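The lines below spell out each chain.
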Amino acid sequence: MYLSIHPEESTFLDRVREFVANDVLPNTRKWEEQTGFDDEIWEKLGSVGLLKMGLPVDQGGVSCAAYCEAIRELAKGDPALAMNVAAINALVVAHIVAFGTPEQKEKYLADVTAGRVKVAWGLTEPDAGSDARRVKTVAEPIE
């Protein structure tokens, strides 16, 4: 490995490899056939720490090197799951950390990073592609 990984992050990556072997590889073909993941995978990802990598290191996140290595290891088992995990960390968790109010952080981060709440981050539209300046969709709160 060419990345500089801290010893505690090496332990985390060992857990990721074990998770991939035990919980991802045995299911990847099934997920492909059913075109979706089983609901329980999200809490399993949370319990391994894969959904909190986008937090600052002092709040339980990991270094950029460990983040990249974890996504790489996860992709060995299921590339689609790896992309989902990368998106949750970079586009949901990191955005809540960077732009959320203290109240939003308190309300959402623990459940998102534990995998108890399903999240999404929308960008692409037929007339906009992935050009965020041209997106017309807006979110409406659910009451």
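Before any of the text, the structure's been laid out above.
My aim in this report is to walk through the structure given alongside it, one point at a time. Just so it is clear, the structure is predicted and the values come from calculations on it, not from any experiment. (Residues numbered from 1 in each chain as written. Predicted model: local features only at pLDDT ≥ 70, side-chain atom pairs only at ≥ 80, totals over all residues. Heavy atoms only, no water.)

This brings us to helix H1 (residues 7–24). Taking 1.5 Å per residue, 18 residues should reach 26 Å; H1 reaches 24 Å between its end C-alpha atoms and fits that length. Those residues of H1 hidden inside the fold are in contact with helix H2 (28–34), helix H3 (41–48), helix H4 (64–77) and helix H5 (79–99). (Helix = DSSP H or I, 4+ residues; strand = E, 2+ residues; numbered from the N terminus. Expected span 1.5 Å × (residues − 1). Contact = heavy atoms within 4.5 Å.)

Our focus in this paragraph is the packing of H1 against H4. Two elements in contact, H1 and H4, have axes separated by 9 Å at closest approach and are oriented at 15°. Between H1 and H4, the crossing angle belongs to the class labelled roughly parallel. You can see that H1 and H4 cross each other, and the crossing is right-handed. Taken together, the residues of H4 that come into contact with H1 (itself represented by Glu-9, Phe-12, Leu-13, Val-16, Arg-17, Phe-19, Val-20 and Val-24) are Ala-66, Glu-69, Ala-70, Glu-73, Leu-74 and Gly-77. For the contact of H1 with H4, the class distribution of residues is nine nonpolar, one polar and four charged. (Axes fitted to C-alpha atoms, helices over the stretch in contact; angles between N-to-C directions. Parallel < 35°, antiparallel > 145°, perpendicular 65-115°, else oblique. Left-handed = near helix turned anticlockwise from the far one by under 90°. Nonpolar A, V, L, I, M, F, W, Y, C, P; charged D, E, K, R; others polar.)

With the rule as written, the count across this model stands at two aromatic pairs. With 5.3 Å between their ring centres and 75° between their planes, Trp-31 and Phe-37 make a pair best called edge-to-face. Relative to Trp-42, the ring of Phe-37 has its centre 5.7 Å away and its plane inclined at 90°; by these criteria the two rings are edge-to-face. Given a relative accessible area of 13%, Trp-42 falls into the buried group. By the ring-pair criterion, three or more aromatic residues cluster together here, those being Trp-31, Phe-37 and Trp-42. (Phe/Tyr/Trp six-rings, centres within 6.5 Å; stacked < 30°, edge-to-face > 60°. Buried < 20%, exposed > 50% of the residue type's maximum accessible area, 1.4 Å probe, protein only.)

Tallying each qualifying case throughout the model produces twelve salt bridges. Across the pair Arg-17 and Glu-73 runs a salt bridge, and its minimum N-O distance is 3.3 Å. With Arg-17 in helix H1 and Glu-73 in helix H4, this pair connects stretches of sequence that are 56 residues apart. Residue classification places Arg-17 among the partly exposed residues on the basis of a relative accessible area of 28%. The residue Arg-72 makes a salt bridge to Glu-69 at a minimum N-O spacing of 2.7 Å. Of the two residues, Arg-72 and Glu-69 are both situated in helix H4; the distance of three residues between them amounts to about one turn of the helix. (Salt bridge = Lys/Arg side-chain N within 4 Å of Asp/Glu carboxyl O.)

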